[in-house]
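Understanding the architecture of this molecule
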Amino acid sequence: MTLKYPHLFSPVTIGPLALSHRVVMAPLTRSRSEQPGDIPGALMIQYYGQRASEGGLIVSEATTISIGGRGWFGAPGLYSDEQVEGWKKVTEVVHANGGRMFSQLWHTGRASHIDNTNGAAPLAPSVVPYQETVSTPNGWRPTSPHRALDIAEIPGVIEEYRRAAERAKAAGFDGVELHAGNGYLPDQFLQDGSNKRTDGYGGSIENRSRFLLEVVEAMISVWGGNRVAVRIAPGGSWNGMSDSDPAALFGYVADQLNRFGLAYLHIIEPRIKGNILIEEGLQPVAAAQLRRIFKGRIIAAGGFEPDTAEAIVEKGDADLVAFGRHYIANPDLPKRIQFGLPLNEYDRATFYTREPHGYVDYPFYDERLVAAL
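Residues numbered from 1 in each chain as written. Predicted model: local features only at pLDDT ≥ 70, side-chain atom pairs only at ≥ 80, totals over all residues. Heavy atoms only, no water.

What follows concerns helix H2 (residues 81-96). Between its first and last C-alpha, H2 extends 23 Å over 16 residues, near the 22 Å set by a 1.5 Å rise per residue. Those residues of H2 that fall on the buried side of the exposure criterion are Gln83, Val84, Gly86, Trp87, Val90, Thr91 and Val94. Taken around the axis of H2, the buried residues stretch over an arc of 160 degrees, which confines them to a single face. Across H2 from its buried face, at more than 90 degrees, point the exposed residues Asp81 and Ala96. For H2, the secondary structure elements touched by its buried residues are helix H1 (42-51), strand E4 (57-59), strand E5 (63-64), strand E6 (100-106) and helix H3 (154-170). (Helix = DSSP H or I, 4+ residues; strand = E, 2+ residues; numbered from the N terminus. Expected span 1.5 Å × (residues − 1). Buried < 20%, exposed > 50% of the residue type's maximum accessible area, 1.4 Å probe, protein only. Arc of directions from axis to C-beta. Contact = heavy atoms within 4.5 Å.)

Below, the structure written as structure tokens:
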């Protein structure tokens, strides 16, 4: 049988891990952890177990590293023993189904509200007012006024990432990914629209990149370089982000990351803003630009369909492709792509609710066939 997508369904390695295909489940904020405590529970175990595939990679939803880093009600954490125990059950079912799983570590920085941080002002590199809406225990609220981190506080935040990386290892993950895109704390340090510091963490591209690189070093101290990854969003504007020279900034970041021997670099295409495709027909550009600089594996993300995913891997601009919306609606997405089966339609209205509907009740293709009999 001739495969329609031979490049997507060829084996590949990331760090020491051997994968049998290149269809990656993207990190997808879903709001289904158990409350109080941001603990992965039965719903999350079922959800990730459904989407695990033999030799496939799952990147967990963004997982907060501390109460001060929380910015989304219902998102799970990795800052308590109870959370570690919950994640253990998730990774166990993913592994039992033949999959691999990285934990994406998350500090939302200024993109938060005091209802999420137990009353503490959200943290940022600098005070640059902006307006966005975030999910809180009391509904969707405008972001709270934030405060600038004192330079003496920065090592403490980096230590929170290191401790979360330790907990991810205890929870049975196969590696960790730093969320450094979409206007969250590392991205806020990177981009000069949000970073107005005049000390060693601001000003030049080198200084603005320091926070991200020091966090990566902390995560590597736990895992080693080949089980650590970084996710960036070159040219992304979500959460009020901007930079005066994004090509130079992200080119520098990609070059600096070469020295760590990372598992992969995860690149969000700028045609995506948050979880919305800005415009149909825009071509992927970020992965192609950074492929010339970054020497390791690249996962491309943002607005891909099976045909365009096959094309970018065949061209060589990416090694793997992360799918978001389609993975939400299709627990058996790799199988559907591999055999050219029709995809379930996703229901955006259920993305951030708290219920099983729209989370664990999307049918597998085989179930649809049985239902039609």
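Following the structure, the description resumes.
With that settled, consider the packing of H3 against helix H5 (residues 205-223). The geometry of H3 relative to H5 is characterised by a closest axis approach of 9 Å and an angle of 35 degrees between their N-to-C directions. Seen from above, H3 lies across H5 with right-handed handedness. Residues Ile154, Val157, Ile158, Tyr161, Arg162, Ala165, Glu166, Ala168 and Lys169 of H3 touch H5, and the partners they reach there are Phe211, Glu214, Val215, Ala218, Met219, Ser221, Val222 and Trp223. Looking at the contact of H3 with H5, its residues break down into 12 nonpolar, 1 polar and 4 charged. (Axes fitted to C-alpha atoms, helices over the stretch in contact; angles between N-to-C directions. Left-handed = near helix turned anticlockwise from the far one by under 90°. Nonpolar A, V, L, I, M, F, W, Y, C, P; charged D, E, K, R; others polar.)

Attention now goes to H3. For H3, built from 17 residues, the straight-helix expectation of 24 Å at 1.5 Å per residue is met to within 8% by its first-to-last C-alpha distance of 25 Å. Taken as a whole, H3 has its buried residues at Ile154, Val157, Ile158, Tyr161, Ala164, Ala165 and Ala168. For H3, the buried positions fall inside an angular range of 110 degrees around the axis, keeping them on one side. Gly172, located one to two residues past H3, shows a positive phi value of around 90 degrees.

Here we come to the packing of aromatic side chains. Here the structure, examined in full by the defined rule, presents 14 aromatic pairs. Taken together, a centroid distance of 5.0 Å and an interplanar angle of 70 degrees make the contact between Tyr47 and Tyr48 edge-to-face. The same class applies to Tyr47 as to Tyr48, namely buried. Considering the side-chain rings of Tyr47 and Tyr359, the 4.1 Å spacing of their centres and the 10 degrees angle between planes classify their relative orientation as stacked. (Phe/Tyr/Trp six-rings, centres within 6.5 Å; stacked < 30°, edge-to-face > 60°.)

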